[in-house]
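In case you want the letters, here they are:
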Amino acid sequence: MNIKEIKLHQLMMNMKHPFTTSFGTQQDRFITIIEAVDENGLSGFGECVSGEDPLYSEEFMDASLIAMKKYFAPLLLQNEIKHPDDVWELFKPFKRNNMAKAGIEGAVWDLYAKQHDIPLSKLLGGVKENVDVGVSLGLEETDELLLERIAEKVDEGYKRIKVKIKPGRDVEMIRTIRGKFKDIPLMVDANSAYTLDDIDTLKALDQFKLMMIEQPLAAGDLIDHAKLQRQLKTPVCLDESIDSYEAARGAIELGSCRIINVKVGRVGGLTQSKKIHDLAQKHHIPLWCGGMLEAGVGRLHNIAITTLGNFTLPGDTASSSRYWHEDIITPEVTAENGVVEVSHEPGIGAEVDFGKMEQYLQKTETITKEDTPDMIFYD
Ligand SMILES: O=C(O)CCC(=O)C1=CC=C[C@@H](O)[C@@H]1C(=O)O
Ligand SMILES: [Mg+2]
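Note that this is a predicted model, so its numbers are computed, not measured.

## Digging into the overall build of the chain
Link 1 in the chain: Scanning the chain for helices and strands turns up 13 helices and 15 strands.
Link 2 in the chain: Expressed along its principal axes, the backbone C-alpha trace of the chain runs to roughly 60 × 40 × 35 Å.
Link 3 in the chain: Across the 379 residues of the chain, 60% fall into the buried class.
Link 4 in the chain: Expressed as a percentage of contacts within the chain between residues at least 6 apart in sequence, the contacts between residues at least 24 apart total 72%.
Link 5 in the chain: Entry remark: accessible area of the chain is about 15200 Å², with carbon and sulfur atoms responsible for 50%.
Link 6 in the chain: Across the chain, the mean location of the 43 positive side-chain charges is 5 Å away from that of the 61 negative side-chain charges.

## A closer look at the UniProt feature "binding site: Mg(2+)" (unreviewed entry) in the chain
Link 1 in the chain: Taking the UniProt record as the reference, the feature "binding site: Mg(2+)" (unreviewed entry) is found at D189, E214 and D239. With the annotated positions falling across 51 residues, the maximum pairwise C-alpha distance of 9.1 Å places them together in a single cluster.
Link 2 in the chain: Secondary-structure assignment places D189 in strand β7 (residues 186-189).
Link 3 in the chain: Beyond its immediate sequence surroundings of up to four residues, D189 is in contact with K162, V163, K164, I165, E214, Q215 and D239.
Link 4 in the chain: Within the secondary structure, E214 is located in strand β8 (residues 213-214).
Link 5 in the chain: On the accessibility criterion, E214 (0% relative accessible area) is buried.
Link 6 in the chain: What E214 contacts, discounting residues up to four positions off in sequence, is K162, M187, V188, D189, A190, N191, C237, D239, N261 and W288.

## Remarks on the site of ligand 1
Link 1 in the chain: Neighbouring ligand 1 are 18 residues, the closest being S136, N191, K263, L293 and Y323.
Link 2 in the chain: Interatomic distance of 3.4 Å between a backbone N/O atom of D316 and an oxygen atom of ligand 1.
Link 3 in the chain: Between an oxygen atom of ligand 1 and a side-chain N or O atom of Y323, the distance comes to 2.6 Å.
Link 4 in the chain: For ligand 1, whose free accessible area comes to 400 Å², the fraction covered by protein is 97%.
Link 5 in the chain: Counted by class, the shell around ligand 1 contains six nonpolar, four polar and eight charged residues.

## Concerning the pattern of salt bridges
Link 1 in the chain: With the rule as written, the count across this model stands at 25 salt bridges.
Link 2 in the chain: R96 is paired through a salt bridge with D243; the nearest N and O atoms lie 2.4 Å apart. A residue pair is termed long-range when its members are at least 10 positions apart, and R96 in the loop between α2 (85-91) and α3 (98-115) and D243 in the loop between β9 (236-238) and α9 (245-254) qualify at 147 residues.
Link 3 in the chain: Among the ionic pairs, K162 bridges to D189, the shortest N-O distance being 3.3 Å. Here the residue K162 occupies a position in strand β6 (residues 161-164), and D189 occupies one in strand β7, the gap between them amounting to 27 residues.
Link 4 in the chain: When its relative accessible area of 0% is taken as the criterion, D189 is described as buried.

## Thoughts on the domain arrangement of the chain
Link 1 in the chain: Under the domain assignment, the chain is made up of domain 1 (3-117 + 353-368) and domain 2 (122-351).
Link 2 in the chain: Look at where the C-alpha atoms of domain 1 and domain 2 centre, and you get two points 22 Å apart.
Link 3 in the chain: For the pair domain 1 and domain 2, the summed buried surface comes to about 3900 Å²; carbon and sulfur atoms form 61% of the total.
Link 4 in the chain: One can count two salt bridges joining domain 1 with domain 2.
Link 5 in the chain: Here domain 1 and domain 2 share 29 residue pairs in polar contact (both at pLDDT 80 or more) between them.
Link 6 in the chain: Mapped onto the side of domain 1 that touches domain 2, the elements with two or more residues apiece are β1 (3-21), β2 (24-38), β3 (43-48), α2, α3 and α13 (354-357).
Link 7 in the chain: At eleven residues, the largest contribution of residues to the side of domain 1 that touches domain 2 is made by α3.
Link 8 in the chain: Residues belonging to the side of domain 1 that touches domain 2 are distributed by class as follows: 19 nonpolar, ten polar and twelve charged.

## Section: the packing of helix α5 (residues 143-155) against helix α6 (residues 171-180)
Link 1 in the chain: Where α5 contacts α6, the axes come no closer than 10 Å and their chain directions differ by 45°. Put simply, α5 runs oblique to α6. Crossing geometry of α5 relative to α6 is assigned as right-handed. Taking contact as the criterion, the partners of D143, L146, L147 and I150 in α5 are, on α6, M173, T176, I177 and K180.
Link 2 in the chain: Taken together, the residues of the contact of α5 with α6 sort by class into five nonpolar, one polar and two charged.

## Quick notes on the coordination of the magnesium ion (ligand 2)
Link 1 in the chain: For the magnesium ion (ligand 2), the protein coordination sphere consists of D189 (OD), E214 (OE) and D239 (OD), at 2.1 to 2.3 Å.
Link 2 in the chain: Mapping the donors of the magnesium ion (ligand 2) onto the primary sequence gives the spacing D-x24-E-x24-D. Linking D189 in strand β7 with D239 in the loop between β9 and α9, this pair joins segments that are 50 residues apart in sequence.

## Comments concerning the confidence of the model for the chain
Detailed reading of predicted coordinates is not advised where the pLDDT is low.
Link 1 in the chain: Per-residue confidence for the chain averages 96 on the pLDDT scale, and 99% of its residues sit at or above 70.
Link 2 in the chain: ipTM for the predicted complex: 0.97, alongside a pTM of 0.96.

## Here's the deal with the nonpolar core
Link 1 in the chain: With 119 residues, the main nonpolar core has I6, V163, I174, I177 and I328 as its most contacted residues.
Link 2 in the chain: In contact with I6, not counting residues within four places along its chain, are I34, E35, A36, A73, L76, L77, I104, E365, T366 and I367.

## Topic: helix α11 (residues 270-282)
Link 1 in the chain: The end-to-end C-alpha distance of α11, which contains 13 residues, comes to 18 Å, matching closely the 18 Å that a straight helix rising 1.5 Å per residue would cover.
Link 2 in the chain: Considered for burial, the residues of α11 that qualify are L270, T271, Q272, S273, K274, I276, H277, L279 and A280.
Link 3 in the chain: Within two residues after α11, H284 carries a phi angle of roughly 55°, on the positive side.

Parameters at a glance
- Residues numbered from 1 in each chain as written.
- Chains lettered and ligands numbered in written order.
- Predicted model: local features only at pLDDT ≥ 70, side-chain atom pairs only at ≥ 80, totals over all residues.
- Heavy atoms only, no water.
- Helix = DSSP H or I, 4+ residues; strand = E, 2+ residues; numbered from the N terminus.
- Buried < 20%, exposed > 50% of the residue type's maximum accessible area, 1.4 Å probe, protein only.
- Contact = heavy atoms within 4.5 Å.
- Areas by Shrake-Rupley, 256 points an atom, 1.4 Å probe, with all protein chains shown as cover.
- Lys, Arg positive; Asp, Glu negative; His and termini not counted.
- Charge placed at Lys NZ, Arg CZ, Asp CG, Glu CD.
- UniProt positions renumbered as here; feature names shortened; annotations may be inferred.
- Near = heavy atom within 4 Å.
- Polar contact = N/O pair within 3.5 Å; in protein donor to acceptor, adjacent residues only side chain to side chain.
- Nonpolar A, V, L, I, M, F, W, Y, C, P; charged D, E, K, R; others polar.
- Salt bridge = Lys/Arg side-chain N within 4 Å of Asp/Glu carboxyl O.
- Domains from an automatic or database assignment.
- Buried area = accessible area lost by both parts, 1.4 Å probe.
- Axes fitted to C-alpha atoms, helices over the stretch in contact; angles between N-to-C directions.
- Parallel < 35°, antiparallel > 145°, perpendicular 65-115°, else oblique.
- Left-handed = near helix turned anticlockwise from the far one by under 90°.
- Donors = N, O, S within 2.8 Å, 3.2 Å for Na, K, Ca; no water.
- pLDDT = per-residue confidence, 0-100.
- Core = buried A, V, L, I, M, F, W, Y, C linked by side-chain atoms within 4.5 Å.
- Expected span 1.5 Å × (residues − 1).

Here's what the structure looks like:
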């Protein structure tokens, strides 16, 4: 693919509203945009979605940056690859660090699609021209405030509403929501805030006709999720637990969930996302694409993967304006009545706008072919 250099554009973006989950509140988003440049000056873009702190998962941006600079970018530059699927194999000896791997791999996918003049969605085997999207709402100080936010998003036409729950803000809060919004497609996300000791609370949620309960228990606990799913009518959806193809296989075989949320970064990139897609399809497990509070580049990668046939449920890829006063891409992602049109342009389908990015840019670091992987044991 003749990749000449990798640039790591490090941005600090300020979110329009704080976003609160069971594990914390976020206002600033530290994002790295990865640019892979080929010998002809063509650029492909990826986004590293690690959090600022290791709260959602063990990955965090400072560590991902080191992993990209020390290992993944130099490795990519020193090994000629023919296809983006080769990237996963190239990085395989290096354990985990999926979000760092996915960020670089994403730039390679976009570059390859542009080199071949096709949309990323088509390159991935996507079959949809538009995708349904929902919206994820954080916890608010009061239920009244949350009701207002839901009303806004229902008016905007989103295809489903996801609300965050945690112990003490669960059954009664959902009862209040259902009191006002009797029939909206509604789901909850606990981000691992419960254990099987909370089974009565989780069972009580069955009465509210929820589409699913996302990640109620600990990420590593496929066994307890299987026990829980057997006792719940509401489908369990796994997010944090699905950090690899093998985890997806385990969850499906054990019956730990009936739905999977695929996050491209969490599973190590688009190649792994496709593999999980095919596995889930074979087992009749529907998918949707989750979000990581991405800027436009990550958002467009999410839309591209959602065009695959088994992404049958609305994802978290809401409009750019859901989180940002101004996104870094032109055109921005816009959901009309909960539907995003898939671009026919080559690659991710929008331009990264360096003029807009400037306001958020803290630093750009460039890795070239002269930079060797910085390892003690490497031959
Ligand atoms: O809109 C989005 O990007 C999804 C937002 C969202 O729900 C999440 C983002 C980041 C980490 C988690 O809290 C989370 C999730 O669990 O899905
Ligand atoms: Mg989640």
